[in-house]
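One letter stands for each residue in the lines below.
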Amino acid sequence: MPVNPIPVTAVGASRVQSAIQLASSRTGVDFDYLLGQAKLESGLRADAKAGTSSASGLYQFIEQSWLAVVKNHGAKHGLGWAADSIGRTAGGRLSVGDPATRQAILALRNDPATASLMAAEHASDNKAALEQTLDRDATGTDLYMAHFLGLGGAKKFLGAMESGSATTGAALFPAAARANRNVFYASNGQPRSLGEIYDRFSAKLGAAGSAALPAVQYAAQAFDAEGSTVITGGGQSMNDALAWASTALGKFRQASSGMPAGTQSAANLLRPTPDTARLAYMMLASMGA
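Starting afresh in each chain, residues are numbered from 1 along the sequence in its written order. Restriction of local features to residues with pLDDT of at least 70 applies here, the model being predicted, together with a cutoff of 80 or more for giving and counting side-chain atom pairs; totals for whole chains, interfaces and linings are based on all residues. To get the side-chain values, take all heavy atoms of the structure and skip hydrogens and water.

## Quick look at the overall build of the protein chain
- Secondary structure assignment for the protein chain yields 14 helices and two strands.
- Here the protein chain, with 289 residues, has 43% of them falling under the buried criterion.
- Expressed as a percentage of contacts within the protein chain between residues at least 6 apart in sequence, the contacts between residues at least 24 apart total 60%.
- Exposure was quantified through the Shrake-Rupley algorithm and a 1.4 Å probe, taking into account, for residues, occlusion by the shown protein chains and nothing else. When the accessible surface of the protein chain is split by element, carbon and sulfur atoms take 51% of a total near 14,000 Å². Each helix is a run of H or I in the DSSP string that is no shorter than four residues. Each strand is a run of E no shorter than two, and both are numbered from the N terminus. A 1.4 Å probe rolled over the protein chains alone gives each residue an accessible area, and that area as a share of the maximum for its type sets the label: buried under 20%, exposed over 50%, partly exposed in between. Pairs of residues are marked as contacts when any of their non-hydrogen atoms sit within 4.5 Å.

Pasting the structure below:
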């Protein structure tokens, strides 16, 4: 079993977003959706902890959901030790026999790279299942409902909404409504309809997804424009890659004066520091994946 990961108490937004970009690249799940989900769930805080449940980390996975996604997808992302350690009790609950191993697996929820990969895999699973049930393409809001209510809950919610049911969300999901009153009830105490809940999530998800750090977006464009000079084939050395990254970042900084209003200061994220070196590495890795 690997050593327990160092607890993450404060992770920069650039590191978080580069981890989300890498997860998107490796799984094909939309970056804007993953970013929006993380902003809604944790405000992009890798160490976020819910006060009313076992939810923790960037994507606020509860313990059972986390164990399930790691069991199903961990091995393909280098977490075979974790996947192999997770079993089921006679009652069907996922469990880990060794307490230290269990704690190490749950602590991975606070690692941005692992959390983003598992969130993307979870979204991909939900997308396939929802599309089979709904007989249409699943939207980002559909996927968020599956994360929020579980797959079965999302199917129930979406099915009732699309059938034109007049029931309120609180009537359909009383337990979820008690734990998330601000979602299911308006400020005046009036219970929200299914459509109102769905539309609010859609608006919040769209607003959160559009709020990516401009520096990351512009850097990605610079990498895309310059990448073919180095990231071609498998024979390039690390020094070649670092030289290419330096050139791309330099060009980005030179072009920063042409960014839209409010994004100029974001160029500071790409100055040569340990954090920006990690960002460059993550973006290079995502393009090579």
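Right, picking up where we left off after that structure.
## A closer look at the confidence of the model for the protein chain
- Taken residue by residue, the protein chain gives an average pLDDT of 78. The fraction at 70 or more is 68%.
- Least confident of the elements in the protein chain is helix 12 (residues 214-226), whose mean pLDDT is 43; most confident is helix 4 (residues 80-85), at 98.
- Known as pLDDT, the predictor's per-residue confidence is scaled from 0 to 100. Overall, residues 1-10 carries pLDDT values under 50, and its contacts beyond four positions in sequence, including any with other chains, amount to 13 contacts.

## Observations regarding the nonpolar core
- Buried Ala, Val, Leu, Ile, Met, Phe, Trp, Tyr and Cys residues that are joined via side-chain atoms within 4.5 Å together make up what is termed a nonpolar core. Judged by nonpolar contacts, the single largest core of 55 residues is most densely connected at Ile20, Tyr59, Trp66, Phe157 and Phe184.
- Setting aside residues no more than four positions away along its own chain, tryptophan 66 makes contact with Phe61, Ile105, Leu106, Leu108, Arg109, Thr114, Ala115 and Met118.

## Quick word on the pattern of salt bridges
- The salt bridge definition used is simple: a Lys or Arg side-chain nitrogen within 4 Å of an Asp or Glu carboxyl oxygen. Applying the stated criterion across every chain yields a total of seven salt bridges.
- The residue aspartate 47 makes a salt bridge to arginine 45 at a minimum N-O spacing of 3.3 Å.
- Its relative accessible area of 45% is what places arginine 45 among the partly exposed residues.
- As a salt-bridge pair, lysine 76 and glutamate 121 come within 3.6 Å of each other at their nearest N and O atoms.

## Comments concerning helix 7 (residues 140-162)
- Taking 1.5 Å of rise per residue, the 23 residues of helix 7 would be expected to cover 33 Å, yet its terminal C-alpha atoms sit only 16 Å apart, more than 12% below that figure.
- Note that the bend at a residue is defined as the angle between axes fitted to the seven residues ending at it and the seven residues starting at it. The principal kink in helix 7, of about 120 degrees, is found at leucine 149.
- Directly after helix 7, the chain includes glycine 164, whose backbone phi takes a positive value near 85 degrees. Take the residue count of a helix, subtract one, and multiply by 1.5 Å to get its expected span.

## As for helix 5 (residues 99-107)
- Three or more residues of helix 5 are buried, namely Thr101, Ala104, Ile105 and Leu106.
- Where helix 5 is buried, its residues contact helix 3 (63-73), helix 4, strand 1 (86-88) and strand 2 (94-96).

## What about the side chain of threonine 114?
- Here threonine 114 shows up in helix 6 (residues 112-134).
- Relative accessible area serves as the criterion here: at 12%, threonine 114 is assigned to the buried category.
- Setting aside its immediate chain neighbours within four residues, threonine 114 contacts Trp66, Leu79 and Leu108.

## Re the environment of glutamine 37
- Along the chain, glutamine 37 falls in helix 2 (residues 31-42).
- Along the backbone, glutamine 37 and leucine 143 are 106 residues apart, and their C-alpha atoms lie at a distance of 9.4 Å.
- The residues contacting glutamine 37, other than those within four sequence positions of it, are Tyr59, Tyr144, His147 and Leu205.

## A look at the packing of aromatic side chains
- Under the pairing criterion, centres of Phe, Tyr and Trp rings, with the six-membered ring standing for Trp, must be within 6.5 Å; the plane angle then separates stacked pairs below 30 degrees from edge-to-face pairs above 60, leaving the rest tilted. Tallying each qualifying case throughout the model produces six aromatic pairs.
- Two conditions define a charge located above a ring, namely a distance within 6 Å from the ring centre to NZ of Lys or CZ of Arg, and an angle within 35 degrees of the ring normal. Note that lysine 156 overlies the ring of phenylalanine 173, its terminal NZ or CZ placed 5.3 Å from the centroid.
- For arginine 181, the ring lying beneath its charged end belongs to tyrosine 185, and the centroid distance is 4.2 Å.

## Concerning the environment of leucine 79
- Examined against the element boundaries, leucine 79 turns out to sit in the loop between helix 3 and helix 4.
- A relative accessible area of 10% places leucine 79 in the buried class.
- Along the backbone, leucine 79 and threonine 114 are 35 residues apart, and their C-alpha atoms lie at a distance of 9.2 Å.
- What leucine 79 contacts, discounting residues up to four positions off in sequence, is Gly74, Leu108 and Thr114.

## Here we look at the environment of asparagine 110
- Mapping asparagine 110 onto the fold places it in the loop between helix 5 and helix 6.
- In this structure asparagine 110 comes out as buried when scored by relative accessible area, which is 17%.
- Think of a polar contact as two N or O atoms within 3.5 Å of one another; within protein, one of them needs to be a possible hydrogen donor and the other a possible acceptor, and neighboring residues in sequence only count if both atoms come from side chains. A distance of 3.4 Å separates a polar atom in the side chain of asparagine 110 from a polar atom in the side chain of serine 56.

## What to know about the packing of helix 6 against helix 7
- Only C-alpha atoms enter the line fits that serve as axes; for helices the fit covers just the stretch in contact. Angles between N-to-C directions range over 0 to 180 degrees. Running from N to C, helix 6 and helix 7 point in directions that differ by 10 degrees, and their axes come no closer than 11 Å. One finds that helix 6 runs roughly parallel with respect to helix 7. Together, His122, Ala123, Asn126, Lys127, Ala129, Leu130, Thr133 and Leu134 of helix 6 and Asp142, Leu143, Ala146, His147, Leu151, Ala154, Lys155, Leu158 and Glu162 of helix 7 make up the contact between the two elements.
- Considering only residue class, the contact of helix 6 with helix 7 consists of nine nonpolar, four polar and four charged. By the definition adopted for this analysis, an angle is roughly parallel if under 35 degrees, roughly antiparallel if over 145, roughly perpendicular if from 65 to 115, and oblique otherwise. Three classes are used: nonpolar for Ala, Val, Leu, Ile, Met, Phe, Trp, Tyr, Cys and Pro, charged for Asp, Glu, Lys and Arg, and polar for all others, with Gly counted as polar.

## Remarks on the packing of helix 3 against helix 5
- Between helix 3 and helix 5, the shortest axis-to-axis distance is 10 Å and the interhelical angle comes to 90 degrees. Taken together, the axes of helix 3 and helix 5 lie roughly perpendicular to each other. For the pair formed by helix 3 and helix 5, the contact residues are Glu63, Trp66, Leu67 and Val70 on the first element and Arg102, Ile105 and Leu106 on the second.
- Broken down by class, the residue content of the contact of helix 3 with helix 5 amounts to five nonpolar, no polar and two charged.

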